[in-house]
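Residues per chain, in single letters:
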Amino acid sequence: VEIWRQRKDGSPINISLSTAPLFGPKGNVESILGIILDNSERQKMIDALRQAKDYAVNLIETANVMVVGLDVMGNIQIFNRVVEVTTGYKKDEIIGRNWFEVIVPREKNPYVWEEFSLWQSGGPLPKTIETPIFTKMGRKRFVSWQNSEVYEQGKIVGIISFGVDITEQKRNKELVERIRLTAFIKDIGIALTAGESLREILTQCTEAIVGNLDAAFTRVWTFNEKENMLELQASSGMYTHIGGIRSRIPLGKYKIGRIAQDHQPQLINSVIDDPHISDKDWVRREGIAAFAGYPLMVKDRLVGVIAMFAQKPITEFAFRALASAGDIIALGIDRK
């Protein structure tokens, strides 16, 4: 039995009382043994833990961000008020269901499921990630998450994630990028019609890329099919000369030659770490951080390569814009 009593000084004390009969020689109960334990400190700890848990639950529920907790299988354990409002699901209908079956369906977002599967198998947990989610009405929204692992007795038992709905910001960003891309492609179109010689045309194109995509310098090589050689036609930005050892590149040699040979674009945002970059001293001296190269193709036929070097990481938008410009420039080269 656990009971609260008062000490002589009036302070409360929580005690547990255990009793047992003591039998005499003839088997009769002669007395009762009572054991009293002072549980006050243990009870204080229990009360403190209960208060801490209540505080944590209240903090999660009243937070002005989305809070989601998953176990190691991806089943939903925590789902606060903001997530309810954002997704349209009520807590009592979503707790215990799998996040990757309901909110972020793996068939629609395989890369998110792959990240989670990698973590399940002992890989790192992405500390930040942007993912789409789907509401109860089937609408798609975008959320930026901050993730942390949850431990119990030194063992990982799940993930807790704090999310901010960035749908409107993402839509605004996409609108701005579409406007920028339209203006950029217009500059490329003007360049392709303004010049007289191929070299003049391509120089205006590389200048447009440097000006619009914040490149350190941009170059265009055309493909000489008879000699199986890439020939530098234009260079803008930090370097404007078209002579030197990179003015003629055999197919398959250096990074530019491999892009031409494989017909595959490349994006590298850590040039200094790339094993195929031979002149690391030049990279450090010029502060080159990133490289993007794109094969210039007309149908299945190679007509050249376009490349840009930057002193900061090349964004996804800039890479897509380079690809769009490359397709147009390839047609211009072919016509010229």
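How each quantity is defined
Residues numbered from 1 in each chain as written. Predicted model: local features only at pLDDT ≥ 70, side-chain atom pairs only at ≥ 80, totals over all residues. Heavy atoms only, no water. Core = buried A, V, L, I, M, F, W, Y, C linked by side-chain atoms within 4.5 Å. Buried < 20%, exposed > 50% of the residue type's maximum accessible area, 1.4 Å probe, protein only. Helix = DSSP H or I, 4+ residues; strand = E, 2+ residues; numbered from the N terminus. Contact = heavy atoms within 4.5 Å. Pairing = 2+ DSSP bridges. Axes fitted to C-alpha atoms, helices over the stretch in contact; angles between N-to-C directions. pLDDT = per-residue confidence, 0-100. Salt bridge = Lys/Arg side-chain N within 4 Å of Asp/Glu carboxyl O.

Asker: So what's going on with the nonpolar core? Residues and values would help.
Answerer: As a rule of thumb, nonpolar side chains are buried together in soluble globular proteins. Counting residues in each nonpolar core, the largest one holds 33 residues, and the members touching the most others are I188, I209, L296 and I329. Elements with a contribution of two residues or more to this core: α6 (167-194), α7 (198-213), β13 (290-298), β14 (301-310) and α10 (316-335). Per element, the largest residue contribution to this core is nine residues, and it comes from α10. Setting aside residues no more than four positions away along its own chain, I329 makes contact with I188, L192, L202, C205, I209, L296 and I306.

Asker: Explain the sheet that holds strand β9 (residues 217-224) to me, using residue names and the numbers behind them.
Answerer: If you walk across this open sheet you meet the six strands as β11-β10-β9-β14-β13-β12, and the pairing is antiparallel. Sheet topology places β11 (248-250) and β12 (266-268) at the edges, where each strand pairs with a single neighbour. Strand-to-strand twist of the sheet, defined as the mean angle between neighbouring strand axes without regard to direction, takes the value 20°. Looking at chain direction, β9 and β14 are connected through six bridges and run antiparallel. Residue pairing across strands places F217 opposite F309, the latter belonging to β14.

Asker: Any chance you could break down the confidence of the model for the chain for me, citing the residues and the numbers?
Answerer: The pLDDT averaged across the chain works out to 85; a share of 93% of its residues lies at or above 70. Ranking the elements of the chain by mean pLDDT puts helix α1 (residues 40-62) last with 65 and helix α4 (residues 99-102) first with 93.

Asker: Requested: an account of the pairing of strand β2 (residues 12-23), with residues and values cited.
Answerer: Looking down a regular strand, the side chains alternate between one sheet face and the other. Relative to strand β3 (residues 29-38), β2 runs antiparallel, the two sharing nine bridges. Residue S16 lies in a different strand from β3, and its bridge partner there is L37. Hairpin connection between β2 and β3: a loop of five residues separates the two successive antiparallel strands, and G27 in this loop has a positive phi of roughly 85°.

Asker: Can you lay out the pattern of salt bridges for me, pointing to particular residues and giving the numbers?
Answerer: One pass over the full model with this rule turns up 10 salt bridges. Salt-bridge contacts for R301 lead to D334; the nearest nitrogen and oxygen are separated by 2.6 Å. Of this pair, R301 sits in strand β14 while D334 sits in helix α10; the two residues are 33 residues apart in sequence, bridging distant segments of the chain. The exposure class of R301 is partly exposed, given its relative accessible area of 39%.

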